[in-house]
Amino acid sequence: MSAVRVAVCDDEVDVLHSTQMVLQINGFEVTPISDARALLETLRRVKPQLLLQDVYMPGLKLQEAIGAIRADPALLGLKILVFTASAEGAEICRKYHADGYLRKPFDAARIRQTLEGFLKPAVSAGR
Amino acid sequence: MTATAKSPSLPRPQEDGGPQAVTSAVPASGTMTLSRLLRIIRELPDVVFECRRGADGNIYWMFNEGKLASDFHLTTAEVQGRPLQDLFPPDVAGRLRPEFEAAFDGQERDFVNELGGRYFKHHPIPLRDGDGKVEAVAGFISDVTELVKAERRIVELQEASRRLNDDLTLRVLELAKANHELETFSYTVSHDLRTPLTIIENYAQVLAAAGSDVSQADARKALAGLQRAVSRMALLIENILRLSRVSRLEPEWAPMDLVDLAGDVVRELRERQPEPAVRFVAPASLPVTADAQMLRTALANLLGNAWKFSRNARDPRVELGMVPGRSPPVYFVRDNGVGFDPADQPRLFRLFERLHPTAEFEGTGIGLATVRRAIERLGGRVWAEGAPAAGATFYFTLGQPPKAPGTPRPAREATPEAAG
């Protein structure tokens, strides 16, 4: 089975690179996106299964971005995780209709299980 | 007063006894003579008076008795036949006259007049003859000084209580604002500290896997990134502490030179960033009165920003100066750097707001919030003008020390309150 493709979108260079490295060590195939304006175009090209999306980025309107992803048939099934340092991750997630959230800093040693949990079909998610 | 008359004292049995031995407890009234009436009036604490209007229109005093009249040497013997304007100083007579005229015109009057720091209530009543014509005005005058003073005291107390209440409301609002700021502050601090923490956690994990899944080159990158994150976190904490210090300490006012302070800051900036060479322009001297620490903190941030945001300019130039002809004086720090979008103006001085991505210009988003806090603590105002790629100018004013320069203020601002 080929590696799970994850896109990480964050304007903090070191957050982006370190997250990319951690995910790669854990066997994910990672596409880093530092410029929010390139988000949709990159997603359409790479077609990842999962997007880790920072909330506050120059040039990003989260509501519009998520709306565009949901409206795009080519991106059907893409799981969107809000990637935030905020304690209100769950609320942000609800507000923007994301599939979940990952709080910064995340437990790097357990990131594989965490992301795989999000990728599982909804029926078996509640174990 | 009526109670004594009705006191149920038992009648004393008469010595000689007999059926008529029981007498009434109520004393006999006796004959009410003029002298007896006069004696009663003279014992009253007030003045009982009578006056008449003469053919010349003047109001002549006829009768004036009572303790108050004796105290002022204005008894009947002393005032009889004298006109009102003879008895009182001109201003008092001027005030009394229309009131008495009104009484002679048939109105019952009741007013308070001030005389030599005391207050007298006058109550003149028209006395009519058999035809209903006013033939005289009589009435009483009482000393109501204590009453007036008490009333004034009540008004003063009400006023003071209203002021205190207003003050309290203001303080409650201030407290709510401070509380809200504190909440925002702690929220954003913890939020912003989590970013370098994320980097540290991630790179540490990468380093833990070094050797097996991670190449030497990646391990070196991770280590460098980890060190950057640690420095950034240290800088964040340092800046937060500086902001807290500016907020917490009381300014110690002293005369100083803005240009001297700026000179120190510029030397440090040149040491830290020798290239590109930034041209610094300033007048020979700008004498001000301020707190050296706070003003230096503000200048360090303003000049530091000017240095940072002009470093990509062709000929980086930073200027410190004073706007001519403004009172209070308006100082400025101007650069020819990247500038900012005027639409971003409201975010400029907000804590942890950053207009530029970290990749382009490093920063913690605390600097300008610290500048504003420092300038406000010094009683001044700070604002900015700028346009994209057209440089930025930061203006500020400074307030006056609350007392003589150099006098330390009490740690807590005491409110002026009545002693006691």
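Below is a summary of the structure that appears in this document. (Residues numbered from 1 in each chain as written. Chains lettered and ligands numbered in written order. Predicted model: local features only at pLDDT ≥ 70, side-chain atom pairs only at ≥ 80, totals over all residues. Heavy atoms only, no water.)

Examining the overall build of chain A
Here is step 1: The number of helices and strands found in chain A is 5 helices and 5 strands.
Here is step 2: Element order for chain A, N to C, with α for helix and β for strand: β-α-β-α-β-α-β-α-β-α.
Here is step 3: For chain A, the proportion of its 127 residues judged to be buried stands at 48%. (Helix = DSSP H or I, 4+ residues; strand = E, 2+ residues; numbered from the N terminus. Buried < 20%, exposed > 50% of the residue type's maximum accessible area, 1.4 Å probe, protein only.)

Quick look at the nonpolar core
Here is step 1: Judged by nonpolar contacts, the single largest core of 40 residues is most densely connected at Leu258, Leu295, Leu303, Phe396 and Leu398 of chain B.
Here is step 2: For this core, the leading source of residues is helix α10 (residues 292-309) of chain B, giving 8 residues.
Here is step 3: If you look at the next biggest cluster of nonpolar residues, it comprises 28 residues, including Leu52 of chain A together with Tyr203, Leu226 and Ala229 of chain B. (Core = buried A, V, L, I, M, F, W, Y, C linked by side-chain atoms within 4.5 Å.)

Examining the interface of chain A and chain B
Much of the literature gives interface size as the accessible area that the parts lose upon coming together.
Here is step 1: On the chain B side, the residues contacting the 23 residues of chain A number 23 residues.
Here is step 2: Taken over both partners, the interface formed by chain A and chain B buries close to 2,000 Å², and the fraction arising from carbon and sulfur atoms is 62%.
Here is step 3: A per-residue breakdown of the area chain A buries against chain B is headed by Asp14, Met21 and Ile25 of chain A, which together make up 29% of the total.
Here is step 4: Counting the contacts that link chain A with chain B gives 2 salt bridges.
Here is step 5: With a shortest N-O distance of 2.7 Å, arginine 228 of chain B and aspartate 14 of chain A are connected by a salt bridge.
Here is step 6: The interface formed by chain A and chain B contains 7 residue pairs in polar contact (both at pLDDT 80 or more).
Here is step 7: Along the lines of polarity and charge, the residues of the side of chain A that touches chain B split into 12 nonpolar, 5 polar and 6 charged. (Contact = heavy atoms within 4.5 Å. Buried area = accessible area lost by both parts, 1.4 Å probe. Salt bridge = Lys/Arg side-chain N within 4 Å of Asp/Glu carboxyl O. Polar contact = N/O pair within 3.5 Å; in protein donor to acceptor, adjacent residues only side chain to side chain. Nonpolar A, V, L, I, M, F, W, Y, C, P; charged D, E, K, R; others polar.)

Structural notes on the environment of alanine 390 of chain B
Here is step 1: Following the sequence through the fold, alanine 390 of chain B ends up in the loop between β11 (382-386) and β12 (392-396).
Here is step 2: Placed 53 residues apart in sequence, alanine 390 of chain B and glycine 337 of chain B show a C-alpha to C-alpha distance of 6.6 Å.

Description of the sheet that holds strand β9 (residues 317-323) of chain B
Residue and element names in this part refer to chain B.
Here is step 1: Pairing in this open sheet of 5 strands is mixed, and the strands run β7-β9-β10-β12-β11 from one edge to the other. One side of each edge strand has no neighbouring strand; the edge strands of this open sheet are β7 (279-281) and β11. Across the sheet, the mean angle separating the axes of adjacent strands is 15° when strand polarity is ignored.
Here is step 2: With 5 bridges connecting them, β11 and β12 associate as antiparallel partners. Looking across to β12, one finds that alanine 384 is bridged to phenylalanine 394.
Here is step 3: Across the sheet, α10 touches β7, β9, β10 (330-335) and β12, and the angle it forms with β10 is around 30°. (Pairing = 2+ DSSP bridges. Axes fitted to C-alpha atoms, helices over the stretch in contact; angles between N-to-C directions.)

Some thoughts on the pairing of strand β3 (residues 50-54) of chain A
Residue and element names in this part refer to chain A.
Here is step 1: With respect to burial, β3 is a largely interior element, 5 of its 5 residues being buried.
Here is step 2: Alternating positions in β3 separate into two faces, Leu50, Leu52 and Asp54 on one and Leu51 and Gln53 on the other, with burial throughout.
Here is step 3: When strand β1 (residues 5-9) meets β3, the two strands line up parallel, connected through 4 bridges. Within β3, the residue paired with alanine 7 across the bridge is leucine 51.

Side note on the side chain of threonine 75 of chain B
Here is step 1: Secondary-structure assignment places threonine 75 of chain B in the loop between α3 (67-71) and α4 (76-79).
Here is step 2: Polar contacts involving the side chain of threonine 75 of chain B include one to the side chain of glutamate 78 of chain B, which spans 2.5 Å.

Topic: a nonpolar patch on the surface
Here is step 1: A cluster of nonpolar side chains, namely Met32, Leu34, Leu37 and Ile40 of chain B, defines an oily patch on the protein surface of about 400 Å² accessible area.
Here is step 2: Among the residues examined, methionine 32 of chain B registers a relative accessible area of 46% and is labelled partly exposed. (Patch = residues over 30% accessible without salt bridge, like charges linked within 9 Å, V, L, I, M, F, W, Y side chains within 5 Å. Areas by Shrake-Rupley, 256 points an atom, 1.4 Å probe, with all protein chains shown as cover.)

Digging into the environment of aspartate 99 of chain A
Residue and element names in this part refer to chain A.
Here is step 1: Along the chain, aspartate 99 falls in the loop between α4 (89-95) and β5 (100-103).
Here is step 2: Given a relative accessible area of 37%, aspartate 99 falls into the partly exposed group.
Here is step 3: Sequence separation between aspartate 99 and phenylalanine 118 is 19 residues, and the spatial gap between their C-alpha atoms is 8.0 Å.
Here is step 4: Setting aside anything within four residues of it in sequence, one finds aspartate 99 in contact with Arg70, Leu78, Lys79, Ile80, Leu81, Cys93 and Phe118.
Here is step 5: A polar contact is formed between the side chain of aspartate 99 and the side chain of arginine 70, at a distance of 3.2 Å.
Here is step 6: Engagement of the side chain of aspartate 99 in a polar contact is seen with the backbone nitrogen of isoleucine 80, the distance being 2.7 Å.

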